[in-house]
Every structure is written in structure tokens, then in C-alpha cells.
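The primary structure of each chain is shown beneath.
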Amino acid sequence: MVNIPVLEQMNQILHILFIFLPFLWALGTLPPPDALFLWAMEQVLEFGLGGSSMSTHLRLLIMFIISTGTAVTSYFIPSTVGVVLFMTGLGFLLSLNLSEMVFGFKHSVTGHRVGTKSKALPNSSEKQFTWKEYLFYSIVLVLALLETGLLHHFAGFSQISKNSPQAIVGYILMILFIILWILKEIQSVYIFGIFRNPIYPKHAQTVTLFLEKQTKLMKIGVVRRILINLVSPFAMIAFLSLDSSLQGLHSVSVSIGFTRAFRMVWQNTENALLETVIVSAVHLLISNTDIWWNRNLDTGIRLLLVGIMRDRLIQFISKLQFAVTVLLASWTEKKRRKSTTTLCVLNIVFSPFMLVFMVFSTLLSSPLLPLFTLPLFLVGFPRPIQSWPGVVGTTACVCADTVYYYQMVPSLNTALQSAMAAGSLGLLLPGSHYLGRFQDRLIWIMILECGYTYCCINIKGLELQETSCHTAEARRVDEVFEGAFEQEEYARVCSINEHFGNVLTPCTVLPVKLYSDARNVLSGIIDSHDNLKEFKGDLVKVLVWILLQYCSRRSNVQENVHKTENKGKASLIILPALNTSPQTESPEDTDSLNSENLDDWSDDVFGEEPTIKKGKEERDQLKVLPGINLPIPGSVESQRVGKHSAGTVTEDSLYQAVALGYPATDKGKQEAMAYIPLMEFSCSHSHLLSLPEEWISNCLPNSKVKEMSSLFPEDWYHFVLRQLECFHSEENASDVVEEIAKDRVLKDFYVHAVMTCYFSLFGVDNMIPSPGHILRVYSGVFPWSLALDWLTEKPELFQLALKAFRYTLKLMIDKVSLGPIEDFKELTNCLEEYESDWYIGLVSDEKWKEAILQEKPYLFSLGYDPNMGVYTGRVLTLQELLIQVGKLNAEAVRGQWANLSWELLYATNDDEERYSIQAHPLLLRNLTVQAADPPLGYPIYSSKPLHIHLF
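Enquirer: Kindly report on the pattern of salt bridges, identifying the contributing residues and their values.
Expert: What the rule picks out here adds up to 22 salt bridges. Lys460 serves as the salt-bridge partner of Asp933, at 2.5 Å between the closest nitrogen and oxygen. Remark: Lys460 occurs in strand E7 (residues 454-461) and Asp933 occurs in the loop between helix H33 (925-930) and strand E14 (941-942); sequence separation between them is 473 residues. Each member of the pair, Asp933 as well as Lys460, is classed as buried. Connected via shared salt-bridge partners are Arg260, Glu275 and Arg310.

This is the structure we're talking about:
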């Protein structure tokens, strides 16, 4: 029979509830269906089945289905030993990172099959998992099954008493819990987050010094990890196997409770140990069997209830601390004190009601939502631990600074592995948040998933641009860390945390391989007349070195194993002869090279590109010399050139220089063009260092070439030749080098190429360059000259010339900072260091990012600060440095993220300067908003779920 009054009562209740649904939705208390579904699965998986929240929604769904099937299956197994073995084995296997293990095993099998090595990323599973780990897990599983089966089969069952085997195991667990708690607390810089740990190193400026001081702590961490991974699980399995409740087979409570208990032993060992100790202590303290706790509940359900109470109690304490911090933040902020005084007073007066809101929020495991981060609290809707929909790590506001986080993550992953294994970061729970700080970098770390010997995290990188709000909170973060990690040696042994009310509690420092960023003002260096004068002389030497090195490597690549049949024949080489015309230099030759007839390449630093004068001057520059038909650049012209008639082609005319780009000259006054005859090398090995043919075509008048040829350093040229490695394989290497050094044809090629590049870099006026000129050319904006078009048509040569210019600038700065160069050997060593260990270029270059990802030891960039009006140098140095890490109040983060979601999505507050995003040192409000997932937050880097082995 249907109970009509009950249905009528339910109908009335639902009608009242439906009236309030829009109001609950407007307040953000009514959850969306997807968030409610995922939250319910997480809660059941964690507290009902002994699992953990998962890093992705798909993993959560699959794990929920498998775990539920395990509990259901255990209900139908008829044998008590079979049930215990089934729960132990499945509990262990499900607590492992199975998906990554299977993927790694499959990848390794595939790699062996094709005979190739795995080229995985440093954080990928196929590189982390080894056969030793598979063997370790297999041995642990076998031992756990043996222990469970033997104890359950042979040990006698009796109600727990002070002398029973289960009670003795309970005493051992209590001792283990106390030892592990002590070992965990002494790993962090603060005990309980309040008192300074006297064992922790007081001050360490370098990684080496810190690691020396932390040696004892690392040894303690190893002992702690052994106790957690091996001793504690087996002790708890013994406690569960000896329980008399397992005799009642066909019981839903036994199936659920013990399935969870045997799973928690491995999934979350520290929490399981705490719960087991509490249950054991209550058993020993309450000997009366008529009490409801002992009479109606079996051990599995007791552990389940204790686990829920433990979690909710920790949540309530965190929420209470967060609420008090919001009240203090509102009261201590002078600008808002008048407007928030009333709210603070109301919170104190109606504190019982506020506590009711906290309790209700705690029971639902939903965030405590401070409206606009004011002391006006609501209960946010229940949501998963991740707080945001979508896949972790798929969205980020990528910018030029993202590459710095991308480079440091693998090393940070390794450092986190050691710290988590040692217990330096405290108790690892899904939903925990950590903040790391180094120079201008802020790293946000969130734990997504935990299991037996592994942890899954997400790492976010916050913006490097220091806005006013960002700077204010970053300064407070620095103060908190400095007070913890940079104490003087004579400080008190056990000082108190001065920033206890902050949502950030310092934990430890991590040695991480990353780039330190140093910015220097180059005033007095780049604008020094003497330095710039030396710069011009050094540039020629650097050009010679770079071209010789390039041709040497090029010859090694192109060298064939066998010799060609024409080895004995002389090579026909085009040489721009320097004195092939009897004509004297005309006055117009010199005048035409003055800057008055060319472009106005101003010295304005802020000009984007050099401009060329328009009008008649531009048209004059495109005039050709009389009697010459202008050929297509790069082609061989066979028409009438000079005195040769149309239709006749002579050997000389085939190599006549193209006149494109020459300044206009008067009719009848034509300067002789450089004549290019057929030449051959005097040394048979000179072809190893021969320049590409397109680089030896002529584009300058004879007068200019002769003028600049005197600047060519022959002694340096000979020295570099002797240092080349391409001749070391020859039998008579020294003799070969001497023969090549005497080859004037080869030398003239290099004279022509080097001086043409030199002319292109400095333009028409061969004067001392200005700092603005240095910056423009360094940035790749060359001054207009006769050789500019010729050089830009040869991209490789253009890049080599630009690299030589940048190397020379770095050399000039090093000479001022470190002292002058003594000899050619020292100069060679310096240039070789630039080539191997440095990237010298622009921050905006794509190669800058490539160099960071390739972990070049040093990077240098030249810049200009328009605010200060100074030239700056930026140096990145790759080294192992210390990152300071602290733990954030998880409920403070969830509460502020819940408010962010409510304010932007429900209240649609799109004010970029809204109060809830303003900086506050206690709440770290601005940084917390940044760390939210886009589009509400704006981290510049977000990693995919990273699996860390705590093995």
C-alpha cells in the first residue's frame, strides 16, 4: 500500500524547495549537473571505496567503475580467505599508477621489438618505469598476499583486548604513527607551521652549501620513506587480517568497509595509519561491548567513519582559518576599513550563524565563498577537487616568457620527487596547493592525485610582468620566505613564524636547474669612444674567424669519401682583381660615397627601419652607367658591356661586375669596375676552405676595396688557419696549413668577403659607430650601403655577418668587465666559448627560445630602456639554484576561486579593476586569481598532469 500522507508531505516540501531553487542558483549554491556528478563520484571513490580523486575526468570514471565492481564482487566470494586475498590484491593494484605502468610497459616492448631506444620526455612514464620497479611491485604484492592469507588462516580470532594479537599490532601502529609524525615534522622549516625547526638549515646561499647542511635530513627522509612504503602497510594489513569482523561474509558493511580499508592501506598510507590508530585506541579505551560503537559497527565501517570525520575536521579548521584571514584582511586594509567595518562587526555578532555556514560547507565538502572577497560568506556549490572544468594543462595564456617555465619543469619535477618522498612538503593530499618563488618567477603547484609510491601534479607558471598588484603580493611572498630561510646563524634556536596568519606557510627549498636573469646598465661601455674604436678592429677579426670556421665545417660536410677524377686539374676561380684598370680614380668616386648622396639613416634609436630619401636622389641611384645594359641580378649577361659590341661575347665580359646599386655619376665619368679574371689556387688543399661562389662576386668600386683591404689582419688570418681542425686528419697537417696560408688567391677571396661585410655593417661613413648604430645593427637593421642589396641576397652570409657583429659587441663588454685580451690564443678561446656555450641575440628571436629549450649555458641580449634612456644588457645563466616553496591554505584557494567563478559568471562583473582582484598580502588575492584556469585566470604556463614517483 502506498502511504498517501507521506507522499503529500514530500510534495509540500518539494514545492517549497522549488521556490528557492532560483535563489540558490543566483547565490551560486546550486551546482551544475556535471560538477555535481563529478563531485559525487569523487566523494564515493575516496570515502566509500578508499580511492583518490583522479587527474582527469576519464580516469575518475574508469576508476569509479572498477572500484565499485571490486566492492560488489567481494560480497559474492564464498571463502573468507578468498575475500581477504581478493581485497588485498585488488587494493594494492588499484592504488598503483596502472595506466602509466601499462603504457610504459607497452612502449618498452614496442621499443625492443623495433630495436630503437625510447626518446621520451623526461617526465614521461616510459623513462621513469624500469624493470626494477615492476619487480619491486611484484614482490610487495606476493608478500602482502602471503601475509594476509597466513594470518587469516592460522591466527585465532577473538574480540580485541589488551593481550590479543590485534591489540599488539595496534600498539606497534601507534609507535609507527608517532615516529612518522616526528620524522615528517622535522623535514619542514616550521613545526606545526608555527615554530622554526632547529634542525633545518638556517641560511644557505648556494646549492652546494644547502645540500651539505641538509644531508642529515635526507637520511631521515629515506628512513621515513621505508617506514611508509614497506613497514606501515604490512603492519596495517596484519591488523585488518586479524579482525574478527571478516567472519561475517555476506554483509554489505563488511564488503564496503574492508574493501576501502585494504585499499587505503596502499592508496593513502599516512591517513590510513592515523585512522587505524584511532580505531585501535578507541577499542582499547572502550572495553564495554554494549556500546553502539562496538556492538553495531564492524572495523571496516569504523575506519570509514573515522576517515570522513578526519577529512571534515581538517576542512573545517582550514575554512575557519580562511574566514579569520578574510576578516583580518578587511580590517587591516586602510582604504576599505570604513566600508567593511560594518561587515566585520556583523560577522562577530552573528558568529554562530557563520559557524553554521562553515559546518554546512564542510559537510558538503564545498568551498566557503566570500562574496567579492569581503567578509560576507556563502556556501559555494559542491565541485570536484580541480575546481575547473576541462582537461588539466590544455589552456594557458602563452607568451614569450612561457619558455622559461617550460625549461625548468623537468628539473623541478625531479626536485619535487625528492622533497615529497622525504616529507618536506607535508602530508600529500589531492587538492593541496604549493607556491614556489625564484627571482621574478612564481610557480603554482597543485596535487591532483595520490597513490602508492606516486603522485600526480599540475604546475602553472604565473606572469613575469610585474604589475602593481603582482609586485605587492610578490614582495610579501619574498618577505615570508626570507623570514623562514634566510635567518642569521646567531638567531634564536626555535623562533616563531612571524607570518603565521598568512595563507602561505614556508616548507622547504628545492635545488632546480634553471636560468638566473641578470640585467645590467651598459652606460660607460657602449658609449665609450675608445671601446667603439676597438670594436671596429675586433669586428674584422671576428668576421675572419667566423667565415673560416663556417667554411671549415662546410668542407667537412661536403667532403666525399673518394676523390674526383679531376683532382689534378686546376680549379677555375673568380677573383675580383684589385688593380685591373689603368684608369685613375675619379673625384666622383670618393664624392659619390658620401652620405649626402645616399639615404638618411638617422641615429634615432626608435626608428623601426632605415629610410631612403625619395625623389630625384632615389631615381639617380637607379641610373646605370653609360653603355651598359643592366642584367638581372645573379645572372650572366652576354650583351654589350663597355667597349664590346652587341652580339659578341668575350671571356672578360662574362665576369664583368653588375652596376646595380651604384650612385649616379656624370656622363663620361665612369669609374672602372672590378675586373674578374679566371684564377686558380696555388695549393691543392685550398678548396677545403673556399668560399661559396656567390659570395665572391663583386659589388664595390676598386677604390673602396683597396681602401678597406689595408684593415685586413693577415697575422690573425694565418693564426686562425693553423687552429682549424679540418686538417688534423691529414698526414702532414702543418705543411698543408702553411701551403694554404701562402695561397694569395684564397686570402684575396677572404679579404673581399670580410671587407664587404664590414662595409655593409658600418655603411658609407667609415666613422666610429654610435651606440644607436650598434643597437640597430645588433637588432638586424643594417644601414643602407652599396653592398646591402648584395648581402641581403645571401641569407647565410647575412646571418654570419650579424653573428660576428653580436660576438664583437659581447667581446667589447667582456674586455671592459674582465680585462683586455692578451694574445690571439685568448681571443680564440673567447670566440670558441661564445660559439659553444652562448647564444647572443635578441629576446624576440625564435632561436632565443630554442637556445633556452636546448639549455645553452648562457644567453645575452642587448636592449634599450626608453624610460631611463640607457642601454642595457641581459644575461641568462643556466645553473642549479634554490627555489623556495611554501604550502597554501587549500580552502583559501578554493574559496577565492569559487568567488571568481561566481563574480564573473553569475554576477557578470567584468571590471578589470574590481576589488576582488586587487592585491592583498594576507590572502595573496591577485596571485590566486592569476592561477585559475583560463578564461577566468591567466597563467602563462600550465603543464599536463605530471606523474612523480615517490619510490
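From this point, the narrative continues.
Enquirer: Run through helix H4 (residues 80-94), naming residues and quoting values.
Expert: The terminal C-alpha atoms of H4 lie 21 Å apart, and with 15 residues this matches the ideal 21 Å at 1.5 Å per residue to within 8%. All of the buried residues along H4 are Val83, Val84, Met87, Thr88, Gly89, Gly91, Phe92 and Leu94. For H4, the N-terminal cap is Ser79; the gap from its side-chain oxygen to the backbone nitrogen of Val81 is 3.4 Å.

Enquirer: Kindly report on the pairing of strand E15 (residues 946-949), identifying the contributing residues and their values.
Expert: Neither face of E15 is left uncovered, since the one carrying Leu946 and Ile948 and the one carrying His947 and His949 both have all their residues buried. Pairing analysis gives four bridges linking E7 to E15, with the strands arranged antiparallel. Pairing of Cys456 across the sheet is with His947, part of E15.

Enquirer: How would you explain the side chain of Arg437 if you had to name every residue and give the values?
Expert: With respect to the secondary-structure elements, Arg437 resides in strand E5 (residues 433-438). Within the local environment of Arg437, its side chain forms a polar contact with the side chain of Asp478, the two groups lying 2.9 Å apart.

Enquirer: So what's going on with the nonpolar core? Which residues, and what values?
Expert: In this structure, Leu543, Leu721, Tyr750, Leu809, Phe860 and Leu862 are the most contacted members of the largest nonpolar core, which totals 84 residues. Not counting residues up to four positions away in its chain, the partners in contact with Phe860 are Tyr778, Leu809, Lys810, Ile813, Trp838, Tyr839, Ile840, Gly841, Trp848, Gly873, Arg874 and Val875.

Enquirer: Please give an account of the packing of aromatic side chains that cites residues and values.
Expert: Following the criterion strictly, the structure yields 35 aromatic pairs and no others. An aromatic cluster is present here, built from Phe92, Phe136, Tyr137, Phe234, Trp266 and Tyr452 joined pairwise through their rings. One Lys or Arg, Lys536, reaches over the ring of Phe762 and ends 5.1 Å from the middle of that ring.

Enquirer: An account of the confidence of the model for the protein is needed here, citing residue identities and associated values.
Expert: Here the protein averages 79 in pLDDT, while 80% of its residues score no lower than 70. Below a pLDDT of 50 lies the segment residues 115-127, which in the model reaches 17 contacts outside its immediate sequence neighbourhood of four places, other chains included. Long-range and interchain partners of residues 560-678, a stretch whose pLDDT sits below 50, account for 166 contacts in this model, where long-range means more than four residues apart.

Enquirer: How would you sum up a nonpolar patch on the surface? Please name residues and give values.
Expert: On the surface, a cluster of nonpolar side chains totalling about 860 Å² of accessible area is made up of Trp131, Leu135, Ile139, Val142, Leu143, Leu146, Leu150 and Phe154. Note on placement: Leu143 falls in helix H7 (residues 131-154).

Enquirer: I'd like to hear about helix H26 (residues 744-762), residue by residue, with values.
Expert: Given a rise of 1.5 Å per residue, 19 residues ought to cover 27 Å, and the 26 Å separating the end C-alpha atoms of H26 matches this to within 8%. Looking at the residues trailing H26, positive phi occurs at Gly763, about 80 degrees.

Enquirer: Just give me the short version of the state of the cysteines, but keep the residues and values in it.
Expert: On inspection of all chains with the given rule, the structure shows zero disulfides. Looking at the unpaired Cys450, the closest cysteine sulfur is the one in Cys455, lying at 3.9 Å. A relative accessible area of 6% places Cys450 in the buried class.

Enquirer: Give a detailed account of the pairing of strand E6 (residues 441-451), specifying residues and quantitative values.
Expert: Where burial is concerned, most of E6 is hidden: 11 out of the 11 residues are buried. Two strands pair when backbone bridges link them, and E5 and E6 are joined in this way by six bridges, in the antiparallel orientation. When the sheet's bridge partners are listed, Phe438 is paired in E6 with Arg441. As consecutive antiparallel partners, E5 and E6 are separated by two residues, and within that stretch Gln439 has a phi angle of approximately 50 degrees, a positive value. Inspection of the sheet shows E6 paired to E7 by eight bridges, in the antiparallel sense. By the bridge assignment for E7, Ile443 is matched with Gly461. The turn linking E6 back onto E7 is made up of two residues, and Thr453 within it adopts a positive phi angle of 60 degrees.

Conventions we followed
- Residues numbered from 1 in each chain as written.
- Predicted model: local features only at pLDDT ≥ 70, side-chain atom pairs only at ≥ 80, totals over all residues.
- Heavy atoms only, no water.
- Salt bridge = Lys/Arg side-chain N within 4 Å of Asp/Glu carboxyl O.
- Helix = DSSP H or I, 4+ residues; strand = E, 2+ residues; numbered from the N terminus.
- Buried < 20%, exposed > 50% of the residue type's maximum accessible area, 1.4 Å probe, protein only.
- Expected span 1.5 Å × (residues − 1).
- Polar contact = N/O pair within 3.5 Å; in protein donor to acceptor, adjacent residues only side chain to side chain.
- Pairing = 2+ DSSP bridges.
- Core = buried A, V, L, I, M, F, W, Y, C linked by side-chain atoms within 4.5 Å.
- Contact = heavy atoms within 4.5 Å.
- Phe/Tyr/Trp six-rings, centres within 6.5 Å; stacked < 30°, edge-to-face > 60°.
- Lys NZ or Arg CZ within 6 Å of the ring centre and 35° of its normal.
- pLDDT = per-residue confidence, 0-100.
- Patch = residues over 30% accessible without salt bridge, like charges linked within 9 Å, V, L, I, M, F, W, Y side chains within 5 Å.
- Areas by Shrake-Rupley, 256 points an atom, 1.4 Å probe, with all protein chains shown as cover.
- Disulfide = S-S within 2.5 Å.

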